[in-house]
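# Examination of the molecular architecture
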Amino acid sequence: MEEGTTYRDVHARSLAEPEAFWAEAAEAIDWVTAPTRVLDTSSPPLFRWFPDGELNTCANAVDRHVDAGRGDRVAVIHDSAVTGKVTRLTYAELRDQVARFAGALRDAGVEQGDRVIIYMPMVPEAVVAMLACARIGAVHSVVFGGFAPAELAARIDDAEPTAIVTASCGVEGSRIIEYKPLVDEALRLAQHQPTATILLQRPQAQAVMGDRDRDWTEVMATAVPVDPVPVQATDPLYILYTSGTTGKPKGIVRDNGGHAVAMAWSLGNVYGIGPDDVWWSASDVGWVVGHSYIVYAPLIVGATTVMFEGKPIGTPDAGAFWRVIADHGVNALFTAPTAIRAIKKEDPDGELLARHDISSLRALFQAGERLDPATFAWASQHLGVSVVDNWWQTETGWPITANLRGLDPMPLKSGSSSVPVPGYDVRVVDEQGQDVAAGIEGNIVIRLPLPPGTLPTLWGDDQRYIDSYLSVFPGNYATGDGGFIDEDGYVFVMGRTDDVINVAGHRLSTGSLEAVVASHPRVAECAVIGVRDDLKGQVPRAFVVLKAGASDDGVEDEIVALVRDRVGPVAALKQVSVVPALPKTRSGKILRRSMRAIADGRDEAPPSTIEDIRVLDALGPLLRGDA
Ligand code: COA
Ligand code: AMP
């Protein structure tokens, strides 16, 4: 940090002179054609960063480090606790594999601009596949392994991929999850059919290959390595689907140029990580945290990234995370609070932790859900390092609020994800869109334009982007989160204002779960609400009213199985309550808001009829997770 430069100066400058600010940040990236224009404001409310720049994201993440003489530096440490194997890839090795796999994708008919779906467990080949797409200007869409075939099919139909890259299996604790039957079922359900599937056979399961299936090892043996191609900064790098309010997931688009700049800027300034550090983001490549902070940011910066295949507990015990830190000399860990809660539950006094030397660790970063004060306190006490909350979303791709450890570390406040990150003009507004005073809770919005790296649009649907995010409070991006800003400018994110819930750091829409529950033949109507859970923060609970005369025999188990089958195990719907009635408005709409408010322990205007008060009172203990 320059002498005399404080967070507040930098944040103020980023809003007063965004173009100068981001033009400077863009110097950290190797451009094929340096941008002469920084921000395209010609079609508000849509904005584009670096409109005439050309670059290749893969070249920035891999080749340039090799060219700079850092080819021997370890790029990826794959620590697979579930298979007991550790693999290291240097930047030079990563470049060779990526260039070759890019050739394999070309052989499979993938051209610039084509989409490729990646449905893989946490193996280094997933990173290779992502970067290979970037290398040839193809657009990857990684789908998390915990989603069921129907969800995969919905993404195939929306992204219309030319190829799918997958593996024979994932390993969940001691269970082998075979992926190939899931992919085959998704392709049976999907309208769109890709031309090829490339499959990595893992030793734990041998997939049966069909006509359009190609073996990873075989295609790599014959592929000719290809060089990175220049793409426009505004061309899409990836699509990442996230829960929408309807059954149709939202395809968040990430561009190349703004993203590369934001990744490089944020890893250094927010997380304080440089090229000589070992960084570990204990997430999954299927989530945005995995995209940004397992893959792109650490590699663009030239650091070493740890990729962990396993769980915080049970692989083999609740000391797994501390073992990884000690073995690889990890300097900073990024994970969801739920992982720390899981560890704390098994090792409350930190006895397993004490067996490992974690002196390399400088900070623990927490995101994905609210960092509750008890978890913050436990981690601060036992790890002896700063525990730093940061708040963001799949849509933004990098933190909206954080404590900027690399720029100007500020005091931490329990319950707050600290201050708006440079580039983000964060406000709290009431239902009419008026700013509220410090300390007053309201809707958290971000004044447009959003900074580089955030979503420019939804895949193939500008209008849905405008309708869902930009029309609610004109001139602003509606985050969907509620909270307040205190007198010191610290932001407190209290929870979603819509039907999105966070289950073990995974984002789910109760609306899409309801659609599945409602499809059960014995269900007349239902509401799915997120209720408090000590471990996962929230879990979904379904309240169902059965059709007149329908028996309730076995219906709960059938609904649990139906959701698992249609959405996937990640939905974690295990609680179904058959109830006599649901509270309704006068016009017959279910009072979901009131139900959510009770579940969240918030005050809400009481329902208008005595009958509804009675119904809500009866549901109270279930909603509060007390029963
Ligand atoms: N493939 C197949 N199944 C998967 C899966 C995958 N990639 N990921 C999760 N599942 C399954 C789990 O096995 C579990 O199945 P089960 O119902 O048969 O037990 C189910 O989906 C729910 O998974 P999860 O909610 O993760 O619960 P869990 O009990 O397996 O683990 C935690 C709980 C807290 C240990 C785990 O959720 C965790 O580590 N969370 C951290 C979250 C995270 O990294 N978030 C990213 C944002 S930073
Ligand atoms: P996802 O898109 O899966 O990253 O989920 C984004 C949502 O998770 C946000 O809109 C918030 O509701 C929640 N979230 C993420 N990080 C935090 C945090 N640090 N504090 C509170 N909520 C968070």
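Residues numbered from 1 in each chain as written. Chains lettered and ligands numbered in written order. Predicted model: local features only at pLDDT ≥ 70, side-chain atom pairs only at ≥ 80, totals over all residues. Heavy atoms only, no water.

## Observations concerning the sheet that holds strand β18 (residues 332-335)
Here is the rule we go by: One requirement defines pairing of two strands: DSSP has to find at least two bridges between them. For helices the rule is a DSSP run of H or I covering at least 4 residues; for strands it is a run of E covering at least 2, with both sets numbered from the N terminus onward. Each axis is a line fitted through C-alpha atoms, taken for helices only over the stretch in contact, and angles between the N-to-C directions span 0 to 180 degrees.
Within the open sheet, the 7 strands sit side by side as β5-β4-β17-β16-β18-β19-β20. Their pairing is mixed. Both outer strands of the open sheet, β5 (85-90) and β20 (386-389), are each paired with one neighbouring strand and no more. Averaged over all pairs of adjacent strands, the angle between their axes in this sheet comes to 20°, without regard to strand direction. In this sheet, β5 lies alongside strand β4 (residues 74-80) in antiparallel orientation, the contact comprising 6 bridges. Its bridge partner lying in β5, H78 is registered against T87.

## So, the site of ligand 1
Threshold: If even one non-hydrogen atom of a residue comes within 4 Å of a molecule or strand, that residue is called near it. Here a polar contact is taken to be a pair of N or O atoms separated by no more than 3.5 Å, where protein atoms must pair a possible hydrogen donor with a possible acceptor and residues adjacent in sequence count only if both atoms sit in side chains. For the area figures, the Shrake-Rupley method with a 1.4 Å probe applies, and any residue is considered shielded solely by the protein chains shown. Classification convention: Asp, Glu, Lys, Arg as charged; Ala, Val, Leu, Ile, Met, Phe, Trp, Tyr, Cys, Pro as nonpolar; all other residues, Gly among them, as polar.
Lining the immediate environment of ligand 1, one finds 23 residues, of which E172, R175, K311, R564 and K574 sit closest. For ligand 1, an oxygen atom lies 3.0 Å from a polar atom in the side chain of K536. Take K574: an N or O atom from its side chain is 2.8 Å from an oxygen atom of ligand 1. Here ligand 1, which alone exposes 940 Å², has 85% of that area covered by the protein. Here the shell around ligand 1 is built from residues that sort into 11 nonpolar, 6 polar and 6 charged.

## Overview of the pattern of salt bridges
Stated precisely, the cut-off is as follows: Whenever a carboxyl oxygen of Asp or Glu lies within 4 Å of a side-chain nitrogen of Lys or Arg, that contact is scored as a salt bridge. We call a residue buried when its accessible area falls under 20% of the maximum for its residue type, exposed when it is over 50%, and partly exposed in between, using a 1.4 Å probe and counting protein chains only.
Within the structure shown, the criterion is met by 29 salt bridges. Residue E369 is joined to R341 by a salt bridge in which the shortest nitrogen-to-oxygen separation is 2.8 Å. Residue E369 is located in the loop between β19 (363-366) and α14 (373-383), and its partner R341 is located in helix α12 (residues 337-346); the two are separated by 28 residues in the primary sequence. As far as burial versus exposure is concerned, E369 and R341 are alike and both buried. Put simply, R13, E17 and E24 are held in one network by salt bridges that share partners.

## Points about the domain arrangement of the chain
We count it as follows: An automatic or database domain assignment is the source of the domain bounds shown. Throughout, a contact is declared for two residues whenever any of their heavy atoms are within 4.5 Å. Summed over both partners, the accessible surface that disappears when two parts come together, traced with a 1.4 Å probe, is what is meant by buried area.
Assigned domains of the chain: these are domain 1 (7-310 + 390-482) and domain 2 (504-624). Computed from C-alpha coordinates alone, the two centres of domain 1 and domain 2 are separated by 33 Å. Residue-level contacts link 18 residues of domain 1 with 13 residues of domain 2. Both sides together, the interface formed by domain 1 and domain 2 hides about 1100 Å², and carbon and sulfur atoms give 50% of it. Connecting domain 1 to domain 2 are 1 salt bridge. A salt bridge links R507 to E395; the nearest nitrogen and oxygen atoms lie 2.9 Å apart. For the pair domain 1 and domain 2, the number of links is 5 residue pairs in polar contact (both at pLDDT 80 or more). Looking at the side of domain 1 that touches domain 2 residue by residue, the classes come out as 6 nonpolar, 9 polar and 3 charged.

## Considerations on the site of ligand 2
Neighbouring ligand 2 are 14 residues; D389, T394, D481, R496 and R507 lie closest to it. At 3.0 Å from a nitrogen atom of ligand 2 is found a main-chain nitrogen or oxygen belonging to G368. A distance of 2.7 Å separates an oxygen atom of ligand 2 from a polar atom in the side chain of R496. Summarising the interface, the protein chains cover 93% of the accessible area of ligand 2, which totals 490 Å² for the free molecule. Residues that form the shell around ligand 2 fall into these classes: 3 nonpolar, 5 polar and 6 charged.

## A closer look at unusual backbone geometry
In this model, P44 is joined to P45 through a cis peptide bond whose omega is 5°. Counting through the fold element by element, P45 comes out in the loop between β1 (39-43) and β2 (46-49). Looking along the chain, the bond that leaves T315 and enters P316 is cis, with omega of 0°. Secondary-structure assignment places P316 in the loop between β17 (304-309) and α11 (320-328). The phi torsion at F50 lies on the positive side, around 55°, for a residue other than glycine. Looking at where F50 falls in the secondary structure, it is placed in the loop between β2 and β3 (54-55). In this structure, E160 is a non-glycine residue whose phi angle is positive, near 45°. The topology assignment puts E160 in the loop between α6 (149-159) and β8 (163-167).

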